[in-house]
Amino acid sequence: MSAPRIGVSIVTMGDRPQAVEALLASVAMQDVRPTRLVIIGNGTALPDFTAFPGLEDLDGGVTTIELPENLGCPGGRNEGLRRLAEIGDVDVVVELDDDGLLVDKDVLRRVRDHFAADDRLGIVGFRIADELGETQRRHVPRLRAGDPMRGGPVTAFLGGGHAFSMKMLAETGLWPAEFFFTHEETDLAWRALDAGWRVEYDPELLLQHPRTSPARHAVYYRMTARNRVWLARRNLPLPLVPAYLSTWTLLTLARTRDAKGLRAWAGGFAEGVRTPCGERRPMRWSTVWRMTRLGRPPVI
């Protein structure tokens with residue numbers, strides 16, 4: 001397979017201008033140049049990035065998209081992916097959080113080599129580490145999360161830093177925009193696996209990201225519960241839906257000490273049950289078995 005053309009996509013709400021500039025500088029220093037850079041203003045205007053130092057001579061240039069409203073993380077990313085598909089000069093897209101940083105200069109080269117070596121590779125997930133180089137347990141996409149440096153095939157990936165095959169996206173569809181926030185990565189990973197694509201975790205692909213808690217977002221508990229229900233309703237064979245939701249209900253009750261958060265979670269769960277979840281495309285039982293062999297059956 002010839003070397004794939006790499007694109008980079010970044011969604012920002014305009015509230016981290018210094019972090020975005022630092023991220024762009026880290027993209028500019030990569031030893032493999034991206035063909036095109038897309039920056040999406042999610043409900044915000046954007047400055048002129050076309051002459052950003054080190055990126056002004058990209059073959060495809062810098063493309064900016066200003067959305068009139070905040071479509072959420074998956075909705076904003078979809079706009080970038082649609083534009084890239086329309087232009088047609090990118091084979092693999094790297095999506096990065098706007099407060100992330102590529103510390104190493106060979107990240108895009110490693111991404112290129114991964115996809116050049118395997119035409120059924122659909123997703124490569126990056127390792128997320130804070131300023132001290134520590135990776136939180138929740139950022140390791142497997143059950144045995146003690147060693148964040150153990151890579152290989154997985155059934156999930158992190159939204160903060162990852163790469164997609166554009167051919168895969170043409171087959172599986174894009175992010176579930178209606179999720180807005182949380183669990184959209186799992187939905188897309190499950191669809192990719194069910195379509196026969198591979199999902200890999202490469203800890204050498206490092207994205208430095210400030211240590212944060214997802215609960216900092218006011219809507220965290222409600223959307224976590226709602227989207228968990230939608231995820232099951234959309235993707236799981238019917239016998240697995242109650243098992244999956246029961247497991248996560250018990251885990252939430254055991255882990256959550258915030259009474260207000262639990263009430264919001266319960267409201268979100270009810271919302272997930274009663275509201276439309278999008279097209280239902282239950283995965284095949286062979287995919288369930290494949291995920292089980294990879295160490296993450298779709299009931300936990």
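Residues numbered from 1 in each chain as written. Predicted model: local features only at pLDDT ≥ 70, side-chain atom pairs only at ≥ 80, totals over all residues. Heavy atoms only, no water.

Per an unreviewed UniProt entry, the chain carries the name Glycosyltransferase and comes from Streptomyces microflavus. We quote the UniProt Pathway (unreviewed entry) comment for the chain here in full: "Cell wall biogenesis; cell wall polysaccharide biosynthesis." Check the Sequence similarities (unreviewed entry) section of the UniProt entry for the chain; it says "Belongs to the glycosyltransferase 2 family." (UniProt positions renumbered as here; feature names shortened; annotations may be inferred.)

A.B. asks: Any chance you could break down the sheet that holds strand 2 (residues 36-41) for me, citing the residues and the numbers?
C.D. replies: Taken together, eight strands build an open sheet; the order of strands is 3-2-1-4-7-5-8-6 and the sheet is mixed. This sheet does not close on itself; its edge strands, each paired only once, are strand 3 (62-66) and strand 6 (152-153). In terms of strand pairing, strand 5 (residues 121-129) meets strand 7 (residues 161-165) through three bridges, oriented antiparallel. Pairing of Ile123 across the sheet is with Phe164, part of strand 7. (Pairing = 2+ DSSP bridges. Helix = DSSP H or I, 4+ residues; strand = E, 2+ residues; numbered from the N terminus.)

A.B. asks: Report on the UniProt feature "domain: Glycosyltransferase 2-like" (unreviewed entry) in the chain, specifying residues and quantitative values.
C.D. replies: The UniProt feature table records "domain: Glycosyltransferase 2-like" (unreviewed entry) at residues 15-160. As annotated, residues 15-160 has a helix share of 27% and a strand share of 19%, and its two end C-alpha atoms lie 17 Å apart.

A.B. asks: Any details on the packing of helix 6 (residues 220-235) against helix 7 (residues 240-255)? Residues and values, ideally.
C.D. replies: Running from N to C, helix 6 and helix 7 point in directions that differ by 160°, and their axes come no closer than 9 Å. As the angle between them shows, helix 6 and helix 7 are arranged roughly antiparallel. As for the relative orientation of helix 6 and helix 7, their crossing is right-handed in sense. Seen from helix 6, the contacting residues are Arg228, Val229, Leu231 and Ala232; seen from helix 7, they are Val241, Tyr244, Leu245 and Trp248. Split by residue class, the contact of helix 6 with helix 7 holds seven nonpolar, no polar and one charged. (Axes fitted to C-alpha atoms, helices over the stretch in contact; angles between N-to-C directions. Parallel < 35°, antiparallel > 145°, perpendicular 65-115°, else oblique. Left-handed = near helix turned anticlockwise from the far one by under 90°. Contact = heavy atoms within 4.5 Å. Nonpolar A, V, L, I, M, F, W, Y, C, P; charged D, E, K, R; others polar.)

A.B. asks: Provide a residue-level description of the pattern of salt bridges, including the pertinent values.
C.D. replies: What the rule picks out here adds up to 22 salt bridges. For Arg77, the salt bridge goes to Asp97, with nearest N and O atoms at 3.0 Å. Of this pair, Arg77 sits in helix 2 (residues 72-87) while Asp97 is found in strand 4 (residues 92-97), placing the two residues 20 residues apart along the sequence. Through salt bridges that share partners, Asp31, Asp106, Arg109 and Arg110 make up one connected network. (Salt bridge = Lys/Arg side-chain N within 4 Å of Asp/Glu carboxyl O.)

A.B. asks: Now, about the pairing of strand 4: what can you tell me, with residues and values included?
C.D. replies: The element strand 4 is extensively covered by neighbouring structure, given that five of its six residues are classed as buried. Where strand 4 meets strand 7, five bridges bridge the pair, whose relative direction is antiparallel. When the sheet's bridge partners are listed, Val94 is paired in strand 7 with Ala163. (Buried < 20%, exposed > 50% of the residue type's maximum accessible area, 1.4 Å probe, protein only.)

A.B. asks: Got a sec to walk through the environment of Gly278? Specific residues and values, please.
C.D. replies: Residue position: Gly278 is located in the loop between helix 8 (259-274) and helix 9 (285-293). Apart from the residues lying within four places of it in its own chain, the contact partners of Gly278 are Glu178 and Arg234.

A.B. asks: Give a description of the side chain of Asn78 that names residues and reports values.
C.D. replies: When you line up the elements, Asn78 lands in helix 2. Engagement of the side chain of Asn78 in a polar contact is seen with the backbone oxygen of Trp175, the distance being 2.9 Å. (Polar contact = N/O pair within 3.5 Å; in protein donor to acceptor, adjacent residues only side chain to side chain.)

A.B. asks: Just give me the short version of the domain arrangement of the chain, but keep the residues and values in it.
C.D. replies: On domain assignment, one finds that the chain holds domain 1 (4-206) and domain 2 (216-292). Computed from C-alpha atoms alone, the centre-to-centre distance between domain 1 and domain 2 is 25 Å. Between domain 1 and domain 2, the residue contacts involve 20 residues of the former and 24 residues of the latter. Here domain 1 and domain 2 share an interface that buries about 1900 Å² over both sides, 58% of which is from carbon and sulfur atoms. Between domain 1 and domain 2 we count three salt bridges in total. For Asp187, the salt bridge identified is with Arg234, shortest N-O distance 2.9 Å. By residue number, the principal contributor to the side of domain 1 that touches domain 2 is helix 5 (residues 184-194), which donates six residues. (Domains from an automatic or database assignment. Buried area = accessible area lost by both parts, 1.4 Å probe.)

A.B. asks: Can you lay out the environment of Phe52 for me, pointing to particular residues and giving the numbers?
C.D. replies: Positionally, Phe52 belongs in the loop between strand 2 and strand 3. Residues Phe52 and Ala28 lie 24 residues apart in sequence; the distance between their C-alpha atoms is 8.9 Å. Apart from the residues within four sequence positions on either side, Phe52 is in contact with Glu21, Leu24 and Ala25.

A.B. asks: Kindly report on the packing of helix 7 against helix 8, identifying the contributing residues and their values.
C.D. replies: Look at helix 7 against helix 8: their axes get within 11 Å of each other, and the N-to-C directions meet at 165°. Classified by the angle their axes make, helix 7 and helix 8 are roughly antiparallel. The chirality of how helix 7 crosses helix 8 is right-handed. Listed contacts from helix 8 to Leu245, Trp248, Thr249, Thr252 and Leu253 of helix 7 are Leu262, Trp265 and Phe269. When the residues that make up the contact of helix 7 with helix 8 are grouped by side-chain class, the tally is six nonpolar, two polar and no charged.

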